[in-house]
Amino acid sequence: MDISSLSVKKIKQLIDSKNISTVELAGLYLDRIEQLNPQLNAFVTVDKDKTLSQAKQVDQLIAQGHSNALLGVPIAHKDIFCAKGWLTTCGSKMLANFVAPYDAHIIEEFNKSGAIILGKTNMDEFAMGSSNETSYFGLVKNPWDLTKVPGGSSGGSAAAVAARLAPLATATDTGGSIRQPAALCGISGLKPTYGYVSRYGMIAYASSLDQGGLMAPSAEDIAYGLNIMAGHDERDSTSVKREKEDFTAQLHHPIQGLRIGIPEEFFSEGLDSDVAQAVEQAIQELEKLGAVRVPLSLPNTSLSVPVYYVLAPAEASSNLSRFDGVRYGHRTQDYRDLIELYEKTRAEGFGAEVKRRILTGTYVLSRGYYDAYYLQAQRVRRLILQDYLRAFEQCDVILGPSTPTVAFGFNEKTSDPVSMYLSDIFTISVNLAGLPGLSIPVGFGKEHLPVGLQLIGPHFSEAKLLNAAHQYQLHTDWHQHLPAGIAGN
Amino acid sequence: MSLTDQEIKHLAKLARIHIEDTELSLLRDQLGKVFQLIDTLQAVDTTGIEPLSHSLALNQPLREDRVTEPNLRDVYQAVAPEVEKGLYIVPKVIE
Amino acid sequence: MQWEVVIGLETHAQLATHSKIFSGASTAFGAEPNTQASAIDIALPGVLPVLNKQAVEYAIRFGLAVGAEINPRSIFARKNYFYPDLPKGYQISQYEEPVVKGGMIHFLVEGKAYQVRLTRAHLEEDAGKSLHEDIPGATGIDLNRAGTPLLEIVSEPDMRSATEAVAYAKALHQIVTWIGICDGNMQEGSFRCDANVSVRPLGSDTFGTRCEIKNLNSFRFLESAIQFEVERQIEVLESGGVIIQETRLYDPDRDETRSMRSKEDAMDYRYFPDPDLLPVVIEESWVNSVKDTMPPLPQVLKERFISDYGLTDYDANLITSDRGLADYFMAMTSNASASPKQCANWVAGELLASLNRQQLAIDKCPISPNKLTQLIVRIEDGTISGKIAKTLFDILWTEGGEVDQLIDSRGLKQVSDSGAIEKIVEELMSQHPDQVAEYRAGKDKVLGFFVGKAMKASGGKLNPAQLNDVLKKKLAG
């Protein structure tokens, strides 16, 4: 069987109709991972025995007549989610030996739904990066061009889905870490509304911005996954109490009359023309389906990157203090006293980008600077939210490019952190405002590299975003394109 | 703005990260660029704007006062670098 | 030069919740190390805090008890510093917006009334314990205490002597235990004080440089530490030196304070609002419902006892010194079968003495309020004498049993039959003719001799008033 064209819906049908067993299907994916992962390095941990034993249990459930939502559907989890008994590294040497003693909320939910864990995917260290180059476990290659980055921080999940090593993958997004790699790898990726997906068991980077989400070839696949992933969890104080929603129910609604806001700031300088062109074509395609273009302005867009690089490092500097070599994780070999234990453990355990952000965060919170940096950034954060709230008085969704360029080369931006930071210019403001954002593939730019369109909606408008994207994907096939050389078996 | 080596060392000490002197020049250069970026916020007029901590204006949920956690010491200490008699071990701390 | 002492206290009261402030782990004292340290308490990667409602309610109770403002919207912040007993590398505490603002503590020192203003009271989590003696050459970390809820109560620098500071701390201790938010156990660290001490020339209106003495866990240590520190500061200033603002530790063995070098490098805690927690909103309706369940405060009860029952100031103070004692007394007076004054005498006398002798708390008292009331009723209706009552009290205390049953089975009933009393008296008079003669010769004191003999002969059961009458009549001849 060619698994490279399988959707979640198709897998459910195959399993339901007993055309394939969970063990067989998981085996096919494990084979493909074994074959392709060595060049891509999308997975940090694969454990065949664990996967197959979980699949066996699910087959027993099926035999007993159970019919959970994702019974038998294979899934890859970003290595930021604690999964009991699985190595959970967060892409860091600090946690290179950390076997999680508990399950994240979303891991519990996917396990309960009957999904099968294929493995843990590579990522930028502690989710800090936009190219997956900061991972302690090595570079991830973009399946479309092995000399290009897959984006980050969820680069492993993106590459795994792009190469069809998994039909569905979890990921997280603090400033664009789902949407940017999804765009660069030619797949769909959703960052839900802040608070919609529990952060319990998701290793924290910037708590007020972090949000778990999903990657898959299509919006429809994501809708199936989101049904499991979204929902209230009392262990996360920022988790929102809402009725359970069926995100697949609205996919088929027509989008006639959908008002699509086009912010001028998303199409200004810094945007490559190949990306602009593909995005413009996608907008026209949506217009053909009945959507109505509404030009608008998000005047504070350019401030989102500096705001983010105050707030996220500040929160990170505190969140990462627990990695001190005392209770788990890396501990330095030689130390004379407690201070040296701390300082050497953290110097060895953290990579350069993580250290830079910790130092930046330490600075902006320190005495005498807090008001000027941290509070000022929080004020501008409110301005950015207000921009969006005003915009949504005029439109239903906002559209623009997910990234200013297509995938870039390795080491192209590593020497200048700010140039790397700017690759998230279109995604960061969405996190600051806590909005849902979806990136879908809409064609190719230079060197036949994928281009992503970003759809942004008001809080809790995931169903609307997925609906618009699905309608687009019913009429286009960009999400079905496969990178050359890895199509089929 | 840019940081002096002294300031970088002070930050590293606060953050408990050992920095070699040889790392300082690159760090100074890179942090300098980051601070140049975030300093652009200083020019924004935010008079009368309340700081925003979370995008949704929600209140803290409260938990009932019940003991729900079992003793999982052995499970948690299985991943610890050094334990003895149920205690996490660190070098002698002198007060 | 004349110096004026200025003292402010920061008191940590451990809140009497079952579970921790941000996790469902038990707060019980004395468990094996790290057996009450949950994933949240040891700060595993990915875990998150959820606030314990009871801890907030206790803070509201405190605020109401001291006449403070309950902040309708308080914020938890992170206080960042590295220490092995602080697993997250930050302590969750309230900084700019505490749950309780203001308030006042009233107390007496040698009959003189004092008031100390409170700045604030805020919720925070306790750290774990660093054990330096258990493992040779190393420090062991026990995180059972990590995450235990604390209410930090901060006073204004309103105290002018160690005596006042101790009286303030005792008054605060009485309040937190009285309203049931803290068990007050100072040995176990449930109530501990940091003292900010400075001195200034008498008449000066600016404060001197202060030193903070940390972790004083007994009233005696609080007093000695402040006394030492005041003397030290005056000595330094009078010999031309300056006081350095620092944290000091009191060493009870040497009775001195000394600088804590480990905390010397200027701390920069980098406070910021904890992004894992949202604003704590306290609606007025919640405050009102807490108000409805508040026990009457000691001061109010004391005044009520004096005016309604005619208790002495001394007895009223004694009985309201402890919530349990007051509850016990109120349980006795609730059915109005015994005189409240008698009840007070027994509670303040025999009961308290017996409790103290055995170092028992009132909730462990072997005699129920109901039983003690019955006993007093039997004195008042003449069934038993006051002396026998004490015997009966001891039996009830050590062996238990029912009041009336014991009076019957042990034959404790007072003899009020004048015939029986006369018989005993006549017998005694015939045995002691010399003493009878002495009495008749005008030595009235001999009456006591016969009372004693009669009581002894009867096992103390004769009605004393009746006995007196009979003796006087018979001896007069």
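Residues numbered from 1 in each chain as written. Chains lettered and ligands numbered in written order. Predicted model: local features only at pLDDT ≥ 70, side-chain atom pairs only at ≥ 80, totals over all residues. Heavy atoms only, no water.

## Some points on the interface of chain B and chain C
The partner chain C presents 51 residues to the 33 residues of chain B that form the contact. A combined buried area of about 3,800 Å² lies between chain B and chain C, and 59% of that area is made up of carbon and sulfur atoms. The interface formed by chain B and chain C includes 0 salt bridges. Here chain B and chain C share 23 residue pairs in polar contact (both at pLDDT 80 or more) between them. (Contact = heavy atoms within 4.5 Å. Buried area = accessible area lost by both parts, 1.4 Å probe. Salt bridge = Lys/Arg side-chain N within 4 Å of Asp/Glu carboxyl O. Polar contact = N/O pair within 3.5 Å; in protein donor to acceptor, adjacent residues only side chain to side chain.)

## A look at the pattern of salt bridges
Residue and element names in this part refer to chain B. By the definition in use, this model includes 52 salt bridges over all chains. For Asp29, the salt bridge goes to Lys33, with nearest N and O atoms at 3.8 Å. Of this pair, Asp29 and Lys33 both sit in helix H2 (residues 24–38), 4 residues apart, which is roughly one turn of that helix. Given the relative accessible area of 27%, Lys33 is considered partly exposed. (Helix = DSSP H or I, 4+ residues; strand = E, 2+ residues; numbered from the N terminus. Buried < 20%, exposed > 50% of the residue type's maximum accessible area, 1.4 Å probe, protein only.)

## Observations regarding the domain arrangement of chain C
All names here are of chain C. Assigned domains of chain C: these are domain 1 (3–286), domain 2 (296–409) and domain 3 (418–476). Inter-centroid distance (C-alpha atoms) of domain 1 to domain 2 is 37 Å. Opposite the 5 residues of domain 1 that make contact, domain 2 presents 9 residues. The junction of domain 1 with domain 2 conceals about 620 Å² of combined surface from both sides, 66% of it contributed by carbon and sulfur atoms. Taken as a group, Ala65, Gln174 and Trp178 account for 84% of the area that domain 1 buries against domain 2, more than any other trio of residues on that side. Along the contact surface separating domain 1 from domain 2 lie 0 salt bridges. (Domains from an automatic or database assignment.)

## Let's talk about the sheet that holds strand S2 (residues 83–84) of chain B
In space, the 4 strands of this open sheet follow the order S2(B)-S3(B)-S11(C)-S10(C), with antiparallel pairing throughout. This sheet does not close on itself; its edge strands, each paired only once, are S2 of chain B together with strand S10 (129–131) of chain C. When S2 of chain B meets strand S3 (residues 87–91) of chain B, the two strands line up antiparallel, connected through 2 bridges. Looking at S3 of chain B, one finds that Val83 of chain B is bridged to Tyr88 of chain B. (Pairing = 2+ DSSP bridges.)

## Considering the interface of chain A and chain B
Contacts between the two partners involve 64 residues from chain A, matched on the other side by 49 residues from chain B. For the pair chain A and chain B, the summed buried surface comes to about 5,000 Å²; carbon and sulfur atoms form 70% of the total. The tally of links from chain A across to chain B stands at 1 salt bridge. Of the charged contacts in the structure, one is a salt bridge between Glu82 of chain B and Arg331 of chain A, with a shortest N-O distance of 3.1 Å. Summed over the shared surface of chain A and chain B, the result is 19 residue pairs in polar contact (both at pLDDT 80 or more). Counting residues per element, the ones that place at least two in the side of chain A that touches chain B are helix H9 (304–319), helix H10 (338–349), helix H11 (352–365), helix H12 (370–391) and helix H13 (417–421) of chain A. Sort the elements by how many residues they give to the side of chain A that touches chain B and H12 of chain A lands first, with 12 residues. Across the side of chain A that touches chain B, the residue classes tally to 38 nonpolar, 14 polar and 12 charged. (Nonpolar A, V, L, I, M, F, W, Y, C, P; charged D, E, K, R; others polar.)

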